[in-house]
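Architecture and fold: a report
Okay, here's what each chain looks like letter by letter:
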Amino acid sequence: MPRSALVAPGPALSAAERTRHARHLLLPGVGEEGQRRLANARVLLVGAGGLGSPAALYLAAAGVGTLTIVDDDLVDLTNLQRQILHGERDVGRRKVDSARDAVSRIAGATTVHTVDRRLDESSVLPLVADHDLVIDGADNFPTRALVSRACALLAVPHVWASVHRFDAQASVWWAGEGPCYHCVFPQQPSPDQVPSCAVGGVLGATVGAIGSVLAVEAIKLIVGLGEPLIGRLLVHDGLAQTWDTLTVRADPDCRVCGSEADPTAPLSGGTAESGPAAYRPGEGVAPEDLAELLEGGATLIDVREPGEREIVTIPGAIPLPLAAVLAGAPVPPGVLVVHCKSGGRSARAVATLRARGVDARNLDGGILAWVARIRPEESTY
């Protein structure tokens, strides 16, 4: 069964946009509304290399409105065999700059943000929280694990792939909807166990094929189309030219997204031996009941990032980003109602606050549900 669309539709398309995306508008399940969802989408792309190259180009061509590209590397001549975002004239340039230029040549309407540094604990949460989904094209296990933990903590879809020589794997990790990356790969190998492309080699066209799969999965999630690779691991053998899928399941004891996961544990390392029980759906506050609670003295906490609050806010909400809650920032006394965009981040905040003895409750469905039921005229979030 197709899942609900991840992104709300943006403004009506212009005549030029309808012409440009005419072939999408003909597709069942996409149409003009789906194209407006793509235009309203914010995608975080980790890595402007082999996997990130086709993903970035196809997402821009598809009409994705905002693309944030993270990479701290420079273009090297050896990259050009597979990293099609870059050309010979780009050797020595920052990859994010070359990538931005390549995307702009294809789709000038796509807003491209660049981050020229490696992700760390201080930067990953705000970046992930500010986007609808993450495409993980990282080429190293520490970054991959960091992104996975951040996505699981924030309940953001993590579109992932890995390529080795002629073989590849891909999936969509999404804590709460299916397994996270660590449910299936709980132990990360040491750097000397898996040879890099520089040591083991890689077929460029295989990377291109899998990077395109990442773009397809992202589009499906944004539009609400087809069946994403949630709970399935796609396995590709380039030499045999076979594509297989394996069923994978969430691990209830996963130390990153399981019921005993510690939402305050460091993102860059393991979790604690035990932690606060996760917030359970159904324990929260319905949007229709929020006003009565606030009139009774409850305090509303908004754990989204500043850029999100510029789009729409619930009157009276106190801004306190999730990262600050996890770091132990003080909160007002009394009953707290916590909200984010759709309920994932705020659920993590609630679990953390309850572990501190705070009477915290989640706004079910987040501000998306509140807008849909209380302020439908503002439903372009």
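Use the structure listed above.
In what follows, the accompanying structure is described. On a predicted model such as this, the values are computed, not experimentally measured, just so you know. (Residues numbered from 1 in each chain as written. Predicted model: local features only at pLDDT ≥ 70, side-chain atom pairs only at ≥ 80, totals over all residues. Heavy atoms only, no water.)

Moving on, we come to the pairing of strand 6 (residues 167-173). Residues in a regular strand project their side chains so that they alternate between the two faces of the sheet. A large share of strand 6 lies buried, amounting to five of its seven residues. Relative to strand 6, strand 5 (residues 158-164) runs antiparallel, the two being bridged by seven bridges. Bridged to V159 within strand 6 is V172. Counted along the chain from strand 5 to the antiparallel partner strand 6, the turn is two residues long, and its residue R165 has a positive phi close to 60°. Of the pairings in the sheet, the one linking strand 6 to strand 7 (residues 232-237) comprises four bridges and is antiparallel in character. The residue of strand 7 that forms the bridge with A170 is L234. (Buried < 20%, exposed > 50% of the residue type's maximum accessible area, 1.4 Å probe, protein only. Helix = DSSP H or I, 4+ residues; strand = E, 2+ residues; numbered from the N terminus. Pairing = 2+ DSSP bridges.)

Pairing is parallel in the open sheet, where four strands are placed in the order 10-9-11-12. Strand pairing shows two members of the sheet lacking a second neighbour, strand 10 (318-319) and strand 12 (360-362), which therefore form its edges. For strand 9 (residues 299-302) and strand 11 (residues 336-339), the ladder comprises four bridges, and the chain directions are parallel. Bridge pairing in strand 11 links T299 to L336. Across the sheet, helix 11 (residues 287-295) touches strand 9, strand 11 and strand 12, and the angle it forms with strand 9 is around 125°. (Contact = heavy atoms within 4.5 Å. Axes fitted to C-alpha atoms, helices over the stretch in contact; angles between N-to-C directions.)

To continue, consider the nonpolar core. Ranked by internal contacts, the top residues of the largest apolar core, which has 47 residues, are L59, I69, L133, I135 and I222. For this core, the secondary-structure elements that each account for two or more residues are strand 1 (42-46), helix 4 (52-62), strand 2 (66-70), helix 5 (95-106), strand 4 (133-136), strand 5, strand 6 and helix 10 (204-223). In this structure L59 touches V43, V64, L67, I135, A215, A218 and I219, once residues within four positions along its chain are discounted. Formed by 35 residues, the second largest nonpolar core is a distinct cluster that contains V128, V147, V325 and A329. (Core = buried A, V, L, I, M, F, W, Y, C linked by side-chain atoms within 4.5 Å.)

Bringing helix 7 (residues 141-154) into the picture now. With 14 residues, helix 7 should reach 20 Å at 1.5 Å per residue; the first-to-last C-alpha distance of 20 Å fits that figure. Capping the start of helix 7, N140 holds a side-chain oxygen 2.8 Å from the backbone nitrogen of T143, two or three residues further along. The positive-phi residue at the C-terminal boundary of helix 7 is A155, with phi of around 55°. (Expected span 1.5 Å × (residues − 1). Polar contact = N/O pair within 3.5 Å; in protein donor to acceptor, adjacent residues only side chain to side chain.)

Right, let's get into the packing of helix 11 against helix 15 (residues 366-374). Two elements in contact, helix 11 and helix 15, have axes separated by 8 Å at closest approach and are oriented at 95°. In terms of orientation, helix 11 and helix 15 fall into the roughly perpendicular class. Across the interface between the two elements, P287, E288 and L290 of helix 11 pack against A369, W370, R373 and I374 of helix 15. Its residues assigned to classes, the contact of helix 11 with helix 15 comprises five nonpolar, no polar and two charged. (Parallel < 35°, antiparallel > 145°, perpendicular 65-115°, else oblique. Nonpolar A, V, L, I, M, F, W, Y, C, P; charged D, E, K, R; others polar.)

Attention now goes to the sheet that holds strand 1. Reading across from one edge, 3-2-1-4-5-6-7-8 is the order of the eight strands in this open sheet, with mixed pairing throughout. The sheet is open, and its two edges are formed by strand 3 (111-115) and strand 8 (242-247), each paired on a single side. Direction aside, the axes of adjacent strands within the sheet are offset by 15° on average. Across the sheet, helix 7 touches strand 1, strand 4 and strand 5, and the angle it forms with strand 5 is around 160°.

With that out of the way, let us pick up the side chain of H21. With respect to the helices and strands, H21 occurs in the loop between helix 1 (15-20) and helix 2 (22-25). Leave out the neighbours within four places in its chain, and H21 touches Q35, A61, A62 and G63.

Applying the stated rule across the entire model yields 16 salt bridges. Note that R118 and D72 form a salt bridge whose closest N and O atoms lie 3.5 Å from each other. Taken as a pair, R118 in the loop between strand 3 and helix 6 (121-129) and D72 in the loop between strand 2 and helix 5 lie far apart in primary sequence, 46 residues in all. For R118, a relative accessible area of 45% gives the class partly exposed. Note on D72: relative accessible area 38%, which makes it partly exposed. Notably, a salt bridge pairs K220 with E217, separated by 2.7 Å at the nearest N-O pair. (Salt bridge = Lys/Arg side-chain N within 4 Å of Asp/Glu carboxyl O.)

Our focus in this paragraph is the side chain of S346. Along the chain, S346 falls in helix 14 (residues 344-355). Excluding residues that lie within four positions of it along the chain, S346 makes contacts with V303, V338, H339, C340 and N362.

With that settled, the discussion passes to the pairing of strand 4. Burial of strand 4 is two-sided: the residues L133 and I135 facing one way and the residues V134 and D136 facing the other way are all buried. Both strand 1 and strand 4 contribute to a ladder of four bridges, which runs parallel. Bridge assignment links V46 to a residue of strand 4, and that residue is D136. As a crossover connection, the stretch from strand 4 through helix 7 into strand 5 is right-handed. (Right-handed = clockwise from strand over helix to strand, strands pointing away.)

With that settled, consider a nonpolar patch on the surface. A cluster of nonpolar side chains, namely F166, L203 and L239, defines an oily patch on the protein surface of about 290 Å² accessible area. You can see L203 is positioned in the loop between helix 9 (197-200) and helix 10. (Patch = residues over 30% accessible without salt bridge, like charges linked within 9 Å, V, L, I, M, F, W, Y side chains within 5 Å. Areas by Shrake-Rupley, 256 points an atom, 1.4 Å probe, with all protein chains shown as cover.)

This brings us to empty space enclosed by the protein. The full count for this structure, using the stated rule, is two cavities of 30 Å³ or more. Around the second largest cavity, the lining residues are S148, C151, A152, V156, H158, W173, W174, A175 and C180. A breakdown of the residues in the lining of the second largest cavity according to their chemical character gives seven nonpolar, two polar and no charged. (1 Å grid on protein atoms, 1.4 Å probe; cavity = no way out; pocket = protein on both sides within 12 Å on 5 of 7 lines; lining within 4 Å. Points joined across faces, edges and corners; volume = space filled by probe spheres on them.)

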